[in-house]
Amino acid sequence: MSRTFQIRTFGCQMNVHDSERLAGQLEAAGYVPATDDAPDVVVFNTCAVRENADNKLYGTLGHLRPAKTAKPDMQIAVGGCLAQKDRGEIVKRAPWVDVVFGTHNIGSLPTLLERARHNSEAQVEILESLETFPSTLPARRDSAYSGWVSISVGCNNTCTFCIVPSLRGKERDRRPGEILAEVEALVAEGVLEVTLLGQNVNSYGVEFGERDAFSKLLRSCGSVTGLERVRFTSPHPAAFTDDVIDAMAETPNVCPQLHMPLQSGSDRVLKEMRRSYRSARFLSILDKVRAVMPEAAITTDIIVGFPGETEEDFQATLDVVRQARFSSAFTFQYSKRPGTPAADMPGQLPKAVVQERYERLVALQNEVAWEENKKLIGRKVELLVAAGEGRKDAETLRMSGRARDGRLVHFTPNELNVRPGDVVETVITYGAPHHLVADGELISHRRTRAGDNAEAGLRPKTNGVRLGLPSIGAPAPLPVTTGGCAL
């Protein structure tokens, strides 16, 4: 009888995609996903970015201890950034853990589980550099209609607040042919949308010395037949170049959406953060994007309460938020992370000050987002229908989907058999700060293979892609399409 597994993921899109790889490996090794609350293997894919990450993990491990005692052959594995950071400390604090593996060797999990069973002792394996590029590993995808595609791992920046470079290492780039082969494999499985993923996607190509590699990659995605939407996250403002803006505007299936972290609107704080751009540079990029894509939705990340941040610095952030007109923002209170330069900086702010500023920032951003969303009332939108995006869909008899610009829209299917993965057109009837509503009749409903697969409970399974070292070269002529995302 096959052993069952469950993966619990904490943190960012990188971790979500890594968990797809972990699931793919376990299935390839003969494990099957658990259908109950008593799996044979529980894998924690952890994050170390936030201050309470440690407490969250060890608290969860503590709650799992009685289950381990009642079922001794159950195995617990801990991977990801927190495992890379804490290493052997995990089994010291939680000796019922069987396997600890790091960010550089996620491909080792099945072997480590087998070794732990055979030796009847915990296995801790943390590598200092990447062993196997994650995308060469098989993956069990979570979505029938949308997929992550890593174009790079690691980061060459030295932001003083960030622990990621020390845990994920220097940037390593995949070759373009490998990326496109994975995109094509997903589309062949019915996927309509891919998100290109990297710590700094627009610095892609630095490892093999091709400065405009990312814009070429975007254009090449435009020639993949059947690929309707292309997104990417996250670019760094310092490396954002005009050729990327041109590629976004000129490639029909690249979506009019940009997530670009601001972090702070204060030039002084940006310097202390070692963010190698200033607020004027950031805003100029937004101006250029909107000049060629007027309806582009721009989202961001902002940190409040960085060490030494003054009220004047904070006001500068509010000023940029007013000018930038973000459709949404991920706002964070500064979190001290041991091992980062910022953790030892003077001027660590009291919690009460940070909380008060955070609340002001959230209130302003909600006001801006609501104003922007209300402008969309009466506009026709095309939605890729999603699963699990609308928490109140069951009680409101609505479904939810993402517009081409990434905005979340709750719509009324009007008794039609609309499935996640299908594509519908509708008209916005209401705008709220964090979502839109479309309660009128659907203009159109297109059934898709992705919808067929979602209805049947099927998910894409992609094998690892490794093609050697090809280069993109000149992209093929762009096809004429009507299902893309460019304006």
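Attention here is on the structure that accompanies the text. Just so we're clear, the structure is a prediction, and the values are computed from it rather than from any experiment.

Reading guide: rules and limits
Residues numbered from 1 in each chain as written. Predicted model: local features only at pLDDT ≥ 70, side-chain atom pairs only at ≥ 80, totals over all residues. Heavy atoms only, no water. Salt bridge = Lys/Arg side-chain N within 4 Å of Asp/Glu carboxyl O. Helix = DSSP H or I, 4+ residues; strand = E, 2+ residues; numbered from the N terminus. Buried < 20%, exposed > 50% of the residue type's maximum accessible area, 1.4 Å probe, protein only. Phe/Tyr/Trp six-rings, centres within 6.5 Å; stacked < 30°, edge-to-face > 60°. Pairing = 2+ DSSP bridges.

Under the criterion given, the structure shown has 38 salt bridges. Of the charged contacts, one joins Glu372 and Arg325 as a salt bridge, the two residues approaching to 3.0 Å between their closest N and O atoms. Of the two residues, Glu372 sits in helix H13 (residues 351–374) while Arg325 sits in the loop between helix H12 (311–324) and strand E15 (328–333), which places them 47 residues apart along the sequence. For Glu372, a relative accessible area of 16% corresponds to the buried category. A single network of salt bridges, built from pairs that share partners, joins Glu20, Arg21, Arg141, Arg174, Glu178 and Glu182.

Under the criterion given, the structure shown has 6 aromatic pairs. When the centroid spacing of 6.3 Å and the interplanar angle of 15 degrees are considered together, the rings of Phe10 and Phe44 count as stacked. With Phe10 in the loop between strand E1 (4–9) and helix H1 (13–28) and Phe44 in strand E3 (residues 41–46), this residue pair connects regions lying 34 residues apart in the sequence. Using a relative accessible area of 0% as the deciding quantity, one classes Phe44 as buried.

What follows is about the sheet that holds strand E22 (residues 444–446). Two strands in a sheet stick together by hydrogen bonds in their backbones, pointing the same way (parallel) or opposite ways (antiparallel). Pairing is mixed in the open sheet, where 7 strands are placed in the order E20-E21-E18-E17-E16-E19-E22. Whereas interior strands pair on both sides, the edge strands pair on one side only; in this sheet they are strand E20 (430–431) and E22. The pairing of E20 with strand E21 (residues 436–438) spans 2 bridges and is antiparallel. Bridge assignment links Gly431 to a residue of E21, and that residue is Leu436.

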